[in-house]
Every structure is written in C-alpha cells, then in structure tokens.
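A closer look at the structure
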Amino acid sequence: ALSSENEDAAANLHLRSQEGVRLTQELADARQDVQRYVAEVKSAWQRSQEAPLAELLSLMEDEEEAMAMEVEIDEVQNACRQLQRHCERTHRGLEQKEAECERWRARGVALRSQKH
C-alpha cells in the first residue's frame, strides 16, 4: 500500500513537474509579449507627442489632408490605448501565472522533502 502511494505521488510529481515546465514557458512567452507591447506603446506615445496636433494641422495645405491626419492620429491614439489595456491584462495574467508557478514549485519541494 505504501509503495503504491509512493508510486502515485511520484507520478503526480512528474505530472506537476511537466505542468511547471509548461507554465514556465508560458510565463517566458508572456514576458516577451509584455516587453514587445511596452515598446510599441512607448513608440506610439512618443510619436504622438513629437508633433502636437495643432502644429501638424497648420502645416497641411488642404483640408482633406488635415482630416486624414486627424483620423490617423485618432487611430494611433486608440491603438495606443488598446495596447496599454492589453499590456495591463497581459501583465496581470503574467503575475497570476508567476504566482501559480511558485505554488507548484513549493508543492514539488514539499513532496520531495516528504519522500526523504
């Protein structure tokens, strides 16, 4: 009976270890995504701040170009806000996965120490 319990615990530990590896990879992937999103947000924000809207519009010769530029600026600002929201959601998810990973790691350590 004890041997069977040990085998079950070892199999469970192996499964948890595999899941830990998968979660660690997801965490690394999410971190890369977050870094990319942060860079995109910073770049979009910087572009939107480099030339104020009034300056850009005063430099344009016809109203059609001004309207097209306004639309483009609105789209960039919307994209920036969406990226910020996505970045925040991804960051929260990353923190949750990190905490989950730590819980699994602690369980694995506890199981190992129980075996010895």
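The paragraphs below set out a description of the structure included in this document. (Residues numbered from 1 in each chain as written. Predicted model: local features only at pLDDT ≥ 70, side-chain atom pairs only at ≥ 80, totals over all residues. Heavy atoms only, no water.)

1. Section: the packing of aromatic side chains
Counted under the stated rule, the structure contains 0 aromatic pairs. Here Arg 107 stacks its cationic end above the ring of Trp 104, 4.7 Å away from the centre of that ring. (Phe/Tyr/Trp six-rings, centres within 6.5 Å; stacked < 30°, edge-to-face > 60°. Lys NZ or Arg CZ within 6 Å of the ring centre and 35° of its normal.)

2. Brief notes about a negative patch on the surface
Negative charge collects at one region of the surface, where Glu 70, Glu 72, Asp 74 and Glu 75 lie side by side. For Asp 74, the position within the fold is in helix H3 (residues 63–115). Residue class for Asp 74 comes out partly exposed when judged on its relative accessible area of 42%. (Patch = residues over 30% accessible without salt bridge, like charges linked within 9 Å, V, L, I, M, F, W, Y side chains within 5 Å. Areas by Shrake-Rupley, 256 points an atom, 1.4 Å probe, with all protein chains shown as cover. Salt bridge = Lys/Arg side-chain N within 4 Å of Asp/Glu carboxyl O. Lys, Arg positive; Asp, Glu negative; His and termini not counted. Charge placed at Lys NZ, Arg CZ, Asp CG, Glu CD. Helix = DSSP H or I, 4+ residues; strand = E, 2+ residues; numbered from the N terminus. Buried < 20%, exposed > 50% of the residue type's maximum accessible area, 1.4 Å probe, protein only.)

3. Description of the pattern of salt bridges
For the structure on display, the rule yields 8 salt bridges. Arg 22 is the salt-bridge partner of Glu 26, the closest N and O atoms lying 2.3 Å from each other. Here Glu 26 and its partner Arg 22 are both found in helix H1 (residues 2–50), 4 residues apart, which amounts to about one turn of the helix. For Glu 26, a relative accessible area of 32% translates into the label partly exposed.

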